[in-house]
There are 2 protein chains.
Amino acid sequence: MNTSLSDCPIGAFDSGVGGLTVVQAMRELLPSEDILYLGDTARVPYGNKSPDTIIRYSRENMAYLRSHGVKAVVVACNTASAHALAVLQKESDIPVIGVIAPGVEAALSATRNQRIGIIGTHGTIQSEAYQNLLRQSRSEVMITAIAAPLLVSLVEEDWLSHPATHLILEEYLAPMKAARVDTVVLACTHYPLLKPLAQRILGPEVVLVDSAQNAAAALARTLETSAIKRSSGSGKGRITICATDLPAQFSRLVERFLGEKIKKISQVSLS
Amino acid sequence: MNTSLSDCPIGAFDSGVGGLTVVQAMRELLPSEDILYLGDTARVPYGNKSPDTIIRYSRENMAYLRSHGVKAVVVACNTASAHALAVLQKESDIPVIGVIAPGVEAALSATRNQRIGIIGTHGTIQSEAYQNLLRQSRSEVMITAIAAPLLVSLVEEDWLSHPATHLILEEYLAPMKAARVDTVVLACTHYPLLKPLAQRILGPEVVLVDSAQNAAAALARTLETSAIKRSSGSGKGRITICATDLPAQFSRLVERFLGEKIKKISQVSLS
């Protein structure tokens, strides 16, 4: 029996667990799809690495997913999307979806005063990937871009509503308030877990654009237009989680980011 | 002309810049020695990785330093010392010095009430390397060990006296105060930069044991007993800094941790 392309899994990768917020959104929007997720936990994080190193790691992640027969790949990491997406798309004959274009599109739909904020890792902000795409799409937009490197550890350590996290996020968001942005892109897959706190700090009138939901929606559109979406009669899709390292606290983190229980996480080698 | 072993450089490695606090202490105590430092910035940090992965990375760092003719190696990283030191020492015919035994020795000399605190990364604390060595050396000692994973990013981002850092450090140190420890081991090479704040929180009567100074002193003793110390007539030693990745903010970080200007940092590959 031949497996049709539609029945092949969707691949997704990130430096660690952050990309699982994207996978959670994919599970909600595309419940029949099988998903193969790779977290490069042996080299996490990517946000403080150089562009060349991020491209090299992203290629290795991509090769692993391709060797497992995925029909499309989601680069579920803002830093990897910023530096490596164009290279991966050029080298690939299957669809490769990043998190940046969907976030930019959502931000441009949401803003009314054309003032948009972006927070992300050093790598994402320094790449100017969001800034360039926003300006290319709408030249009059005013952008406030802030590197917020402390947030990833705070999220991973589950200090989501700690007074210190409040203080830190308030400091990062202060320039956004001063610039009177009405839309803020959470340009890191860890940040959806900080959405309630960010909304409290910025006020209810500011729209927070979440990488996860918009990337999942872009994936759904691509599967439709490429005619490789799995039929909804296939039942609930399976999820397979692999990681390049399995430190002690990893499975607890996976369940918190994914929002569902996972029986087994496999350690894999990319070399 | 043959170079004598005494004139060979000392090697030191860490996952990133933290080990430069140890190098700074080595420069003060052993000013004539040449030093070759390797920061594994392509895979930093080690504190959230598994023991097997830390051992693999440490072996690769060691091989790099050996191939450049070092006469002794300092494992200038608490996490690598905790998991990989015994393996590296077994496989090596030159002296390999870690940061843990010197810290334990200093803590045992300092304590008067036999209550000792340890703060470090998840990897260092979970390894129980400090706890086991303290108990083996003096069974009646009472230990309070706390994983403090948020501190590394705060130090690297230079938030050394920020109110958020105060809040976070206060929370980590609260169990130490409750246990009435009179000595705290700063079991991560990043933490010497937080010494003033930690001292303010714990009070002036608590002794803070610093990995860096004690490891440098242990190295000096080893060079003496192995008769491979460079003669003080050799002038000021040179320092060479290599890293497996050179992200944008790296040279600024190097100067802050090392406390001196560095002309050139080379990117090297370990494979």
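Below is a summary of the structure that appears in this document. (Residues numbered from 1 in each chain as written. Chains lettered and ligands numbered in written order. Predicted model: local features only at pLDDT ≥ 70, side-chain atom pairs only at ≥ 80, totals over all residues. Heavy atoms only, no water.)

Quick look at the sheet that holds strand β3 (residues 72-75) of chain A now. Whenever strands of a sheet pair, they do so through backbone hydrogen bonds, lying parallel or antiparallel. Residue and element names in this part refer to chain A. Judged by pairing direction, the sheet is parallel, and its six strands sit side by side in the order β4-β3-β1-β2-β9-β10 without closing on themselves. Both edges of this open sheet fall to β4 (96-97) and β10 (265-267), since each of them pairs with a single strand only. In terms of strand pairing, strand β9 (residues 239-243) meets β10 through three bridges, oriented parallel. Bridging from a neighbouring strand, A243 pairs with Q267 of β10. (Pairing = 2+ DSSP bridges. Helix = DSSP H or I, 4+ residues; strand = E, 2+ residues; numbered from the N terminus.)

What follows is about empty space enclosed by the protein. Enumeration according to the criterion identifies two cavities of 30 Å³ or more in this entry. Here the second largest cavity defines a volume of roughly 30 Å³. Within the residue set of the lining of the second largest cavity, elements represented by two or more residues are α7 (151-156) of chain A together with α7 (151-156) of chain B. Class assignment of the residues belonging to the lining of the second largest cavity gives a composition of six nonpolar, two polar and no charged. (1 Å grid on protein atoms, 1.4 Å probe; cavity = no way out; pocket = protein on both sides within 12 Å on 5 of 7 lines; lining within 4 Å. Points joined across faces, edges and corners; volume = space filled by probe spheres on them. Nonpolar A, V, L, I, M, F, W, Y, C, P; charged D, E, K, R; others polar.)

A separate point is the sheet that holds strand β8 (residues 207-210) of chain B. Residue and element names in this part refer to chain B. In space, the four strands of this open sheet follow the order β6-β5-β7-β8, with parallel pairing throughout. Edge positions in the sheet fall to β6 (142-147) and β8, since each has one partner strand and no second. Here the average twist between neighbouring strands, direction ignored, is 20 degrees. Of the strand pairs in this sheet, strand β5 (residues 115-120) and β6 are connected by six bridges, and their pairing is parallel. Bridged to I116 within β6 is I143. With respect to the sheet, helix α8 (residues 163-178) is in contact with β5, β6 and β7 (183-186), its orientation differing from that of β6 by roughly 160 degrees. Here helix α10 (residues 211-225) sits on the sheet and contacts β7 and β8; the angle it forms with β8, its principal contact strand, is near 55 degrees. (Axes fitted to C-alpha atoms, helices over the stretch in contact; angles between N-to-C directions. Contact = heavy atoms within 4.5 Å.)

Another point: the packing of helix α2 (residues 51-67) of chain A against helix α3 (residues 78-91) of chain A. Between two packed helices, the angle of one axis relative to the other and the distance separating the axes together describe the packing. Residues and elements named next belong to chain A. Direction vectors running N to C along α2 and α3 enclose 55 degrees, while the axes themselves pass 9 Å from each other. The angle between α2 and α3 places the two elements in the oblique class. The handedness of the crossing between α2 and α3 comes out as right-handed. Counted together, P51, I54, I55, S58, R59 and M62 of α2 and T79, A80, H83, A84, V87, L88 and E91 of α3 form the full contact between these two elements. Split into classes, the residues belonging to the contact of α2 with α3 amount to eight nonpolar, three polar and two charged. (Parallel < 35°, antiparallel > 145°, perpendicular 65-115°, else oblique. Left-handed = near helix turned anticlockwise from the far one by under 90°.)

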